[in-house]
Amino acid sequence: MYAVLQTVRASAETNAQLLRKNEAATRAALIDPVLRALGWDTADVRMVEPEKTIGVKQALDYVLYDATGAVSVVIEAKKLGESLDKLGHIGAAIGYAFSLKPQKLFITDGLHWHYYSPGHSNFQPVETISLLKTPLVEAALHLLQWLDAAQSGHGVPAAEPTARAANPTAATGAAAVSKSRRTPLPLPGGSHTPAFVELAQVSPQALAPGQKPTALRLPNGAVVPIKTWKDVLVQLSLFVLQQRPSVPVPHPDKAGKKTALFSWNKPKEGIGYKETTLHGRPLYIHTNYSAASCVANALHVLRLLPEAATAAVAF
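A brief structural summary. Just so it is clear, the model here is predicted, and its values are computed rather than measured. (Residues numbered from 1 in each chain as written. Predicted model: local features only at pLDDT ≥ 70, side-chain atom pairs only at ≥ 80, totals over all residues. Heavy atoms only, no water.)

1. Observations regarding the overall build of the protein
Okay, step 1: From N to C terminus, the protein includes seven helices and 14 strands.
Okay, step 2: When the accessible surface of the protein is summed, it comes to about 15,500 Å², and 52% of that surface belongs to carbon and sulfur atoms. (Helix = DSSP H or I, 4+ residues; strand = E, 2+ residues; numbered from the N terminus. Areas by Shrake-Rupley, 256 points an atom, 1.4 Å probe, with all protein chains shown as cover.)

2. Some words on the sheet that holds strand β9 (residues 223–225)
Okay, step 1: The four strands are arranged β7-β14-β8-β9 in an open sheet whose pairing can be described as antiparallel. Strands at the two margins of the open sheet, each flanked by one partner only, are β7 (197–198) and β9.
Okay, step 2: Where β7 meets strand β14 (residues 312–314), two bridges bridge the pair, whose relative direction is antiparallel. Paired with E198 across the strands is A312, a residue of β14.
Okay, step 3: Strands in contact with helix α5 (residues 136–147) are β8 (215–217) and β9; relative to β9, the strand with the most contacts, it is inclined by about 140°.
Okay, step 4: Against the sheet, helix α6 (residues 229–243) engages β8, β9 and β14, with an angle of about 30° to β8. (Pairing = 2+ DSSP bridges. Contact = heavy atoms within 4.5 Å. Axes fitted to C-alpha atoms, helices over the stretch in contact; angles between N-to-C directions.)

3. Comments concerning the environment of L5
Okay, step 1: Mapped onto the fold, L5 is located in helix α1 (residues 2–14).
Okay, step 2: The spacing of L5 and L131 is 126 residues in sequence and 7.5 Å in space, taken between C-alpha atoms.

4. Looking at helix α7 (residues 291–302)
Okay, step 1: A rise of 1.5 Å per residue sets the reference length of α7, with its 12 residues, at 16 Å; its end C-alpha atoms lie 17 Å apart and thus fit the reference within 8%.
Okay, step 2: Along its buried surface, α7 packs onto α6, β10 (251–252) and β11 (260–263). (Expected span 1.5 Å × (residues − 1).)

5. Focus on the pairing of strand β4 (residues 104–108)
A regular strand carries its side chains on alternate faces of the sheet.
Okay, step 1: Burial analysis of β4 places five of its five residues in the buried class, the great majority of the element.
Okay, step 2: Residues K104, F106 and T108 of β4 are buried on one face, and the alternating residues L105 and I107, pointing to the opposite face, are buried as well.
Okay, step 3: Taken together, the five bridges between strand β3 (residues 71–77) and β4 define a ladder with parallel strand orientation. Among the inter-strand pairings, E76 is bridged to a residue of β4, identified as I107. (Buried < 20%, exposed > 50% of the residue type's maximum accessible area, 1.4 Å probe, protein only.)

6. A look at the packing of aromatic side chains
Okay, step 1: Within this structure, the stated rule accounts for six aromatic pairs.
Okay, step 2: Taking the centre distance of 5.4 Å and the plane angle of 50° together, the rings of Y115 and W146 count as tilted. Of this pair, Y115 sits in strand β5 (residues 112–116) while W146 sits in helix α5; the two residues are 31 residues apart in sequence, bridging distant segments of the chain. When sorted by exposure, Y115 lands in the same class as W146, which is buried.
Okay, step 3: The ring centre of Y62 lies 4.6 Å from the NZ or CZ of R27, which sits over that ring.
Okay, step 4: Over the face of the ring belonging to W264 we find R281, whose NZ or CZ atom lies 3.9 Å from the ring centre. (Phe/Tyr/Trp six-rings, centres within 6.5 Å; stacked < 30°, edge-to-face > 60°. Lys NZ or Arg CZ within 6 Å of the ring centre and 35° of its normal.)

This is how it looks when you write it as structure tokens:
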């Protein structure tokens, strides 16, 4: 993935004059290679349908289908350098795309990727990356998290349970999907990120001073770029809440004394928290913990899942 992003960025620079005038060329040179690297066979119209017409006017540039044939992702392409924030473009794209009920929508010019979700504000992306500004390893992690075809069931043996869909054993299309989330991502100069370590085996007190995690592997195999131990707690909490929205709230933290890890009540000023939404209501994830307590609470949260689940971090 890193090597593909290097090539895409170089191609955008070399062919900028043409790509800024030609959306089809932008798709062929900058977007299709990324999709293929993520396991989407752009030559298989049952997997990636181009120019899908909605109504009588709007054509969606890419509609990506999961292994069952259901719409998984919609991607709206723009010419290189074209504004991705132009309100008219966003409103039209979101309106038509979400009529198909995809899990995710992306608007991209090949270098900038804006991710929209049906569960968030219609006109504000959930996250964005720029291949010009975001470190390419971090951008690769984001794209794997967002768009790995294996998460939609492609490249996974039929006998495998759905929960393992993010660990493909076969590739689709011209390029192979990353073999496993345990495979280190390449870094510039041929080096690699350290291997993932199971969270249950990590003791923050035993690490070098200031050493922090840089990536988190979720129980479903998706990899999330992170910067702090609080990010570990937040990301695993969000994952568990998505998988088990019936979790009782307030939910006590690991200590089980006065602090609620999940609460409907906003913490007092000066207390760290992450706000999310559950059942249409604001929910607050308490984060005012030490590194060791963040790990303990993250493991505590994982136990809310009906089956044994694990997570891992890389440094």
